[in-house]
Structures are given as structure tokens and as C-alpha cells.
Amino acid sequence: MKQPHIQLDESLNVRYAILPGDPRRAERIASHMSEVEDLGMNREYRSLVGAYRGARILAMSTGMGGVSTGIAVEELHNIGVTHAIRIGSCGALQTDIAPGELLIAAGAVRDDGTSRAYPAVPDTELLLALTESIRAQGFAHRLGIIRSHESFYIDDIEEINEYWSKKGVLGSDMETAALLTVGRLRGMKCASVLNNVVRWKECISHGVGS
């Protein structure tokens, strides 16, 4: 049955999904695949499917925030997707994390509204495979806790960021906790790797669109 929001169904016959936030990034992912089929766009969900190293891969954007990500994961599960990796952007919460450094989520602070009912932790095997691949390719990276939140525009954002920085949290995004929580509840293997686009205490506008 075609899912109401992502507008995909089981006939797609795909188990693996790469999930960026921005719809334009789905097209960039597809540029690395062969036999690409454009599946269209509904709401914030831009979908393309193709082949990569012998595997059939879905590249689908989730839009911004835990709510839209949670919907995407639920509906992907309904059509047979078993593995999903978020590749998104984040802002650093530590002074020594440079732009372009990758943050691999070993877990996420559940500071959004979608994920609060269950722990936000990645699948262990997928996390190890992701980490080993990033190390093998020589990318600068950190492995640790990130924080998923609901809004950029709140009055006490500086105090909140300072609090989590002191707790050792590496960076902030809006989607990882929802992916890890909903995915684990549905028996999916999920993980998240984030590209840092904003240095600690820099204006967020410096990283928007990166």
C-alpha cells in the first residue's frame, strides 16, 4: 500500500535507505549511484532509488525536525526498509570541532518531542561498520553523543547550549534522536553521521545551506 506521506510502497523492493534532511542532498547522493530512478517528491520527502556496489539504495530527504523524520521512518518500515543512515548537518558544541568534521552519533539527547518515549541509540553493528568506513577513508571525525532539539529560535538557546557543552555533547541537530528511537522501536538498524557546519558559538547563519 502506498504510504500517505512519502508516497512509496512495497513494490519499490528496497531495504537500505540514506536519509538527508535537505531534498537537494538526495540528488547529490543519487549522483554516486547508477541506474537512478527519480521517484518524485511529496511534502518534504524527495525520493530517488539507484544501485551502489551491488545494493539497491533509496535516497530520501526527511525535511527538518523530529516529527517529519519520525513519519519517514515509520513509513519506510511499512514498505520493507530495514536499514537507514541519516547523513545530515549539525552545529558543534565543543571548541575543537572544525567545520567539515564528521560526528558519528553513539547516542542522542532526546530534546525533541518525537523521541522521548524510548532511548535514542544506534544499531551497534551499523555503528561499527559506519565508523570503520569513515576511519578507512581518513575523514576527520568524532564518535560520541549529540543532541537533537526542536527549534533554533528560543530565548535561552545560549544557556541550553552551554549546559550540554559542559556535559560533553559534541553537537546539535534536529533529527537523529527521532531516527534512532523510532527505528529501534520498529526493529530497524539505524545510525547517524553528521557534518559539522558551524563552529561552537558561531552564528548559525554561517552554516545554513552548507
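Here the structure is shown first, and the text comes after it.
Thresholds, definitions, all that
Residues numbered from 1 in each chain as written. Predicted model: local features only at pLDDT ≥ 70, side-chain atom pairs only at ≥ 80, totals over all residues. Heavy atoms only, no water. Axes fitted to C-alpha atoms, helices over the stretch in contact; angles between N-to-C directions. Helix = DSSP H or I, 4+ residues; strand = E, 2+ residues; numbered from the N terminus. Parallel < 35°, antiparallel > 145°, perpendicular 65-115°, else oblique. Left-handed = near helix turned anticlockwise from the far one by under 90°. Contact = heavy atoms within 4.5 Å. Nonpolar A, V, L, I, M, F, W, Y, C, P; charged D, E, K, R; others polar. Buried < 20%, exposed > 50% of the residue type's maximum accessible area, 1.4 Å probe, protein only. Disulfide = S-S within 2.5 Å. Pairing = 2+ DSSP bridges. Expected span 1.5 Å × (residues − 1).

Engineer: With reference to specific residues and values, describe the packing of helix 2 (residues 66–78) against helix 5 (residues 176–185).
Structural biologist: Where helix 2 contacts helix 5, the axes come no closer than 8 Å and their chain directions differ by 30 degrees. Comparing their axes, helix 5 and helix 2 come out roughly parallel. Along this stretch, helix 2 crosses helix 5, giving a crossing that reads as right-handed. Contact with helix 2, carried on its side by Gly66, Thr69, Gly70, Val73 and Glu74, involves Ala178, Leu179, Val182 and Gly183 of helix 5 and no other residues of that element. Here the residues of the contact of helix 2 with helix 5 are counted per class, giving four nonpolar, four polar and one charged.

Engineer: Break down helix 5 for me, with residues and values.
Structural biologist: The element helix 5 is largely enclosed, with a buried count of eight among its ten residues. Within the sequence span of helix 5, burial applies to Thr176, Ala177, Ala178, Leu179, Leu180, Thr181, Val182 and Gly183.

Engineer: How would you summarise the state of the cysteines if you had to cite specific residues and measurements?
Structural biologist: Counting across every chain of the model gives zero disulfides. With no disulfide of its own, Cys190 has Cys90 as its nearest cysteine by sulfur position, at a separation of 18 Å. For Cys190, a relative accessible area of 2% translates into the label buried.

Engineer: An account of the pairing of strand 9 (residues 189–198) is needed here, citing residue identities and associated values.
Structural biologist: Most of strand 9 is tucked away: eight of the ten residues are buried. Relative to strand 9, strand 5 (residues 83–92) is paired through nine bridges, and the arrangement is parallel. By the bridge assignment, Ala84 is partnered in strand 9 with Cys190. Of the strand pairs in this sheet, strand 6 (residues 102–111) and strand 9 are connected by three bridges, and their pairing is antiparallel. Note on strand 9: the bridge partner recorded for Leu102 is Asn195.

Engineer: Outline the environment of Leu127, supporting the account with residue identities and numerical values.
Structural biologist: Structurally, Leu127 is set in helix 3 (residues 124–136). For the pair Leu127 and Ala106, spaced 21 residues apart in the sequence, the C-alpha separation amounts to 7.4 Å. If we ignore the near neighbours within four places in the chain, the residues touching Leu127 are Ile104, Ala105, Ala106, Pro122 and Leu143.

Engineer: Go over helix 2 with me, naming the residues and quoting the values.
Structural biologist: Because an α-helix packs 3.6 residues into every turn, residues spaced three or four apart end up facing the same way. Here helix 2 spans 18 Å end to end across 13 residues, near enough to the 18 Å set by a 1.5 Å rise per residue. Restricting attention to buried positions, one finds in helix 2 the residues Gly66, Ser68, Thr69, Gly70, Ala72, Val73, Glu75 and Leu76. Looking at the buried side of helix 2, the elements it contacts are strand 1 (16–19), strand 3 (45–52), strand 4 (55–60) and helix 5.

Engineer: I'd like a rundown of the pairing of strand 4, residues and numbers included.
Structural biologist: In the sheet, strand 1 pairs with strand 4 via three bridges, with the strands oriented parallel. If you follow Ala17 over to strand 4, its bridge partner there is Leu58. With six bridges joining them, strand 3 and strand 4 adopt antiparallel strand pairing. For Gly50, the partnering residue across the bridge sits in strand 4 and is Ile57. Between strand 3 and the antiparallel strand that follows it, strand 4, lie two residues; Arg53 among them carries a positive phi value of about 50 degrees.

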